[in-house]
Amino acid sequence: MAWDFETDPEYQKLLDWADAFVRDEVEPLDLVLGDPYDKEDPRYKEIVRPLQQRVKEQGLWACHLGPELGGKGFGQVKLALLNEILGRSRWAPSVFGCQAPDSGNAEILAHFGTDEQKERYLRPLLDGEISSSYSMTEPHGGADPTLFTTRAVRDGDEWVINGEKWFSSNARHATFIIVMAVTDTEVSAYEGMSMFIVPAGTPGLEIVRNVGVGGEREGSHGYLRYENVRVPAGNLLGAEGGAFVIAQTRLGGGRIHHAMRTIAQVRKAFDMMCERAVSRETRFGALAKMQMTREKIADSWIEMEQFRLLVLRTAWLIDKHGDYKVVRKDIAAVKAAMPKVFHDVVQRAMHLHGALGVSNEMPFAGMLLGAEALGIADGPTEVHKITVARQILRDYEPVKGLWPTGHLPTRREAARERYAEALEHALGNE
């Protein structure tokens, strides 16, 4: 019976190395460097490139990809445990070659790209030389593909793209953009959309503005307009009409990785809360001695550990079945739980820090906003809850007759009939 929670000793050594490396070398980058996707920043080559080389020497570079692409082809459990460490720093994924959206774009290029597409776009992306963007959601339709209106029409040896896309992350720094567009209006959205590679600077491609999150003056989430954007027919990614399948391949594993990185952020907030509890003195003693403080800490730890186990179990199921569709319910459950756990733990930590907690001298405000963003990105929480419920209810049948199966009088009568002879025999022997 194989059922344990231990990590392979050899892999644990790599995790221990990554833990110390991220803490000592990578987390400080968050405080002194700018956007990880700006590959033109001279500091990137000076500081980050040597760190990436050290990761490669440890065999931990782009581990989500197979050996033929320079990775290790790790399963989801191994990736989850690694991402739990990388999630502590916004620079860590870039240092380890697994930053979103580049990691997802690399994965679909590896699975669906032609040899020419891989050579032109995948190789420099894997080498950390360029950044990319994923252009899917739209201003009016959000992440619901059935509402997308961006069109791509074949014109000889080219495709002509028209429409608008919303929140295309890192578009301002991207060398190329992968865009989803409707190519056949006569069939369902799940069969009538295709994906295209659009190089940056293509005529007609406009970044209307870069949208910031929260109080950011200007962020890196591009509001894009495609106006008669022409790309060669060879820039079609995968099969015509195959965009939805490609998107699901991209999103399934990504949600697990995001979840583990979220656990890292939750644990950071939890550690700050506990440190505050044992450090902050009131006239009644340390906060840690207060019953309500202890309740906050207990609730936070329980929720954090429950969520972590849910994520790891889901990762294990993906490895076991090798099919994201089989584990769709579990992935949706992870996605729905993620923002709530993040929000609740961060809010408690913020509250225990008092005025300091809501100031810009602590990271809690940004974390709270990040929790809300996680409830929207890759599909809103409500959609994933519907998926969970729908998948669960498929295993149930409506009851026949008047009473539910849990009706006690009915069950009691059935039990009496089942054991009638034994009961009568027992009574007769009294």
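Residues numbered from 1 in each chain as written. Predicted model: local features only at pLDDT ≥ 70, side-chain atom pairs only at ≥ 80, totals over all residues. Heavy atoms only, no water.

Looking up the protein in an unreviewed UniProt entry gives the name Acyl-CoA dehydrogenase family protein, with the organism given as Actinomadura barringtoniae. The annotation that UniProt attaches to the protein under Cofactor (unreviewed entry) is "FAD". Here is the UniProt Subunit (unreviewed entry) comment for the protein, exactly as written: "Homodimer." (UniProt positions renumbered as here; feature names shortened; annotations may be inferred.)

Caption draft 1: Layout of the overall build of the protein. Within the protein one finds 15 helices and 10 strands. Considered along the principal axes of its C-alpha atoms, the protein spans approximately 95 × 65 × 45 Å. The long-range fraction of contacts in the protein, counting pairs at least 24 apart against all pairs at least 6 apart in sequence, stands at 71%. Seen as two clouds, the 51 positive and the 61 negative side-chain charges of the protein have centres 4 Å apart. (Helix = DSSP H or I, 4+ residues; strand = E, 2+ residues; numbered from the N terminus. Contact = heavy atoms within 4.5 Å. Lys, Arg positive; Asp, Glu negative; His and termini not counted. Charge placed at Lys NZ, Arg CZ, Asp CG, Glu CD.)

Caption draft 2: Representation of the environment of Val213 in the model. Mapped onto the elements of the fold, Val213 is located in the loop between strand S6 (205-211) and strand S7 (221-232). Separated by 127 residues in sequence, Val213 and Leu86 have C-alpha atoms that sit 22 Å apart. In this view, Val213 contacts Phe167, His221 and Leu369; residues no more than four positions away in its chain are not counted.

Caption draft 3: Spotlight on the packing of aromatic side chains. One pass over the full model with this rule turns up 10 aromatic pairs. An angle of 85° between the planes, with centres 5.3 Å apart, marks the rings of Tyr11 and Phe74 as edge-to-face. Pair noted here: Tyr11 is in helix H1 (residues 9-26) and Phe74 is in the loop between helix H3 (42-57) and helix H4 (76-86), with a separation of 63 residues, a long-range link. By relative accessible area, which is 4% here, Tyr11 ends up buried. With a centroid separation of 4.8 Å and 55° between ring planes, the pair formed by Tyr121 and Phe176 is classed as tilted. In this pair, Tyr121 is assigned in helix H7 (residues 115-126) and Phe176 in strand S4 (residues 174-182), connecting sequence segments 55 residues apart. A relative accessible area of 0% means that Phe176 is categorised as buried. For the cation-ring pair, Lys56 lies above Trp61, with the distance from its terminal atom to the ring centre recorded as 4.7 Å. Seen from the ring of Tyr419, Arg418 lies directly overhead, with NZ or CZ sitting 4.7 Å from the centre. (Phe/Tyr/Trp six-rings, centres within 6.5 Å; stacked < 30°, edge-to-face > 60°. Buried < 20%, exposed > 50% of the residue type's maximum accessible area, 1.4 Å probe, protein only. Lys NZ or Arg CZ within 6 Å of the ring centre and 35° of its normal.)

Caption draft 4: Region of the structure containing the pairing of strand S2 (residues 151-155). Of the strand pairs in this sheet, S2 and strand S3 (residues 158-169) are connected by five bridges, and their pairing is antiparallel. Each residue of the ladder has a partner; that of Asp155, found in S3, is Glu158. Two successive antiparallel strands, S2 and S3, enclose a turn made up of two residues, where Gly156 displays a positive phi of approximately 65°. (Pairing = 2+ DSSP bridges.)

Caption draft 5: Summary view of the nonpolar core. Among the nonpolar cores identified, the biggest contains 87 residues, and Val95, Phe96, Met180 and Met195 are the most heavily contacted of them. Per-element tally for this core: the top contributor is helix H8 (residues 243-279), with 13 residues. Apart from residues no more than four positions distant in its own chain, Met195 is found in contact with Ile108, Tyr134, Ile178, Val179, Met180, Asn235, Leu236, Leu237, Ala243, Ile246 and Ala247. Residues Ile177, Val179, Ala181 and Val229 belong to the second largest nonpolar core, which totals 16 residues. (Core = buried A, V, L, I, M, F, W, Y, C linked by side-chain atoms within 4.5 Å.)

Caption draft 6: Region of the structure containing helix H12 (residues 364-374). Of all the residues in H12, the buried ones are Phe364, Met367, Ala371 and Leu374. In a view along the axis of H12, the buried residues occupy a sector of 75°, so they form one face of it. (Arc of directions from axis to C-beta.)

Caption draft 7: Quick look at a nonpolar patch on the surface. Taken together, the side chains of Trp3, Phe5, Leu309 and Trp316 define a hydrophobic patch exposed on the protein surface, amounting to about 520 Å² of accessible area. Mapped onto the elements of the fold, Phe5 is located in the segment before H1. Judged by relative accessible area, which is 66%, Phe5 ranks as exposed. (Patch = residues over 30% accessible without salt bridge, like charges linked within 9 Å, V, L, I, M, F, W, Y side chains within 5 Å. Areas by Shrake-Rupley, 256 points an atom, 1.4 Å probe, with all protein chains shown as cover. Salt bridge = Lys/Arg side-chain N within 4 Å of Asp/Glu carboxyl O.)

Caption draft 8: Local environment of the side chain of Lys165. Relative to the assigned elements, Lys165 resides in strand S3. Within the structure, Lys165 has its side chain in polar contact with the side chain of Glu138 (distance 2.9 Å). Looking at Lys165, its side chain comes within polar contact range of the main-chain oxygen of Met180, at 2.8 Å. (Polar contact = N/O pair within 3.5 Å; in protein donor to acceptor, adjacent residues only side chain to side chain.)

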